[in-house]
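Tertiary structure, described
Given next are the chains, with one letter for each unit.
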Amino acid sequence: MNFTVSSTTLFSHLQAISRVINSKNSLPILDCFLMELVDGTLKMTASDSETTLTTSIEVNEYEGEARFAVSSKTLLEALKEIPEQPLNFYIADNLEITVQYLNGKYSLMGQSAAEYPQAQALGNNTVEVNMSASVLMSGINRSIFATADDELRPVMNGLYFDITNEDVTMVASDGHKLVRCRTYTARGEEKAAFILPKKPANIIKNLLPKEQGDVRIAFDDRNAYFIMENYCMVCRLIEGRYPNYNSVIPNNNPHKATIDRASFISALRRVSVFSSQASSLIKLSLSENEMRISAQDIDFSTSANETIICQYDGNPMSIGFKSLFLIEILNNIASQNIVIELADPSRAGVIVPEEQGEDEDLLMLLMPMMLND
């Protein structure tokens, strides 16, 4: 059995799916790529038993069909140094693999594909929704930073997809900060939801920039399929009930300040240097058309404050936030100006872009910290 394939095409596809593979696997076969040649199409699979990623390329010339596994590390390292040229693969009956290229050849042993785990099929209660690749990428990019690493509450460690017949909302929260990214360009036929773990969410985020068109998402109670133009991912979902995220978002926020995002981030970075290392507490004091940002570290007798211009005509008020979280939130909003909506110093601050994109609604929330004075 033999086939010929472009070296750079093969390497780029294998490199993309290799992100699934763990450094340590419970099954030795999961250190391998699964390769299947059928009717001139080479299908390649990588898996960590929870998440499986497949991709296909057309081969130039082929003879016969084959199904074998091959060490992912060896093959990637070998292909990395080969410039663009045809590679000729020869697979013997004993699974010895010979790869011939312009000035040389590689020889390595393949493994039987029989042990390679099969991806789970979806059950009868499957729900489907289509989202454009750019909308899905934008949602994951802007929310994944807010997911938790909480062994006691695993539902908080993933992205929550809340699907209705009007919109799709992606939510992430670690209990301190929350992101709610809603798009009206995608909708389901019925109300449904699933929690996507962080690892497959990051893998999709890295694949989507090169994808065009729609991503078809199909899921049941346990697994989800993400079917893209060039890749298909199957992953185990996080099971459990996601908290009612809408109940923690304060609705009546009379204090609203509009601020230039870039200058706000710069001022926060300068002032937060002088905050307590233990708490990173910074204090925002709003008065007419200005915001005073201050921090102090009593242990080291250091302090700083800076005043920036903003649009604000409410009553004077002060609120404390963890500067690291606030900067992280501001870095994940693209708008030039942001609006901070506040109710009182003990309730969460809501941060939204001044100008929302068409067909979307982005909201970020940050829990306050107690002020000492």
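See above for the structure.
The present account deals with the structure reproduced in this document. Quick caveat, the model's predicted, so the values are computed rather than measured. (Residues numbered from 1 in each chain as written. Predicted model: local features only at pLDDT ≥ 70, side-chain atom pairs only at ≥ 80, totals over all residues. Heavy atoms only, no water.)

Attention now goes to the sheet that holds strand 13 (residues 168-173). Spatial strand order, 15-12-13-14-26-25-24-19: 8 strands in an open sheet with antiparallel pairing. Edge strands, defined here as strands with exactly one partner in the open sheet, are strand 15 (192-197) and strand 19 (255-260). Each strand of the sheet is rotated relative to its neighbour by a mean of 20 degrees, with strand direction disregarded. As paired strands, strand 19 and strand 24 (residues 337-342) are joined by 6 bridges and run antiparallel to one another. Each bridged residue has a counterpart across the sheet, and for K256 the counterpart in strand 24 is E341. Here helix 5 (residues 261-272) sits on the sheet and contacts strand 19 and strand 24; the angle it forms with strand 19, its principal contact strand, is near 90 degrees. Docked against the sheet, helix 6 (residues 323-331) engages strand 14 (177-183), strand 24, strand 25 (349-353) and strand 26 (360-366), running at close to 170 degrees with respect to strand 26. (Pairing = 2+ DSSP bridges. Helix = DSSP H or I, 4+ residues; strand = E, 2+ residues; numbered from the N terminus. Axes fitted to C-alpha atoms, helices over the stretch in contact; angles between N-to-C directions. Contact = heavy atoms within 4.5 Å.)

Now for the packing of aromatic side chains. Under the counting rule described, the total for this entry stands at 7 aromatic pairs. Consider the rings of F3 and F89, whose centres lie 4.8 Å apart with planes at 5 degrees: the pair is stacked. A residue pair is termed long-range when its members are at least 10 positions apart, and F3 in strand 1 (residues 2-6) and F89 in strand 7 (residues 86-91) qualify at 86 residues. Summarising the aromatic geometry, the rings of F161 and F194 are spaced 4.6 Å apart at their centres and angled 10 degrees between planes, so their arrangement reads as stacked. Residue F161 is found in strand 12 (residues 158-163), and its partner F194 is found in strand 15; the two are separated by 33 residues along the sequence. (Phe/Tyr/Trp six-rings, centres within 6.5 Å; stacked < 30°, edge-to-face > 60°.)

The next thing to look at is the side chain of S272. Topologically, S272 is positioned in helix 5. For S272, a relative accessible area of 16% gives the class buried. For S272, the side chain forms a polar contact with the main-chain oxygen of R269, separated by 3.3 Å. (Buried < 20%, exposed > 50% of the residue type's maximum accessible area, 1.4 Å probe, protein only. Polar contact = N/O pair within 3.5 Å; in protein donor to acceptor, adjacent residues only side chain to side chain.)

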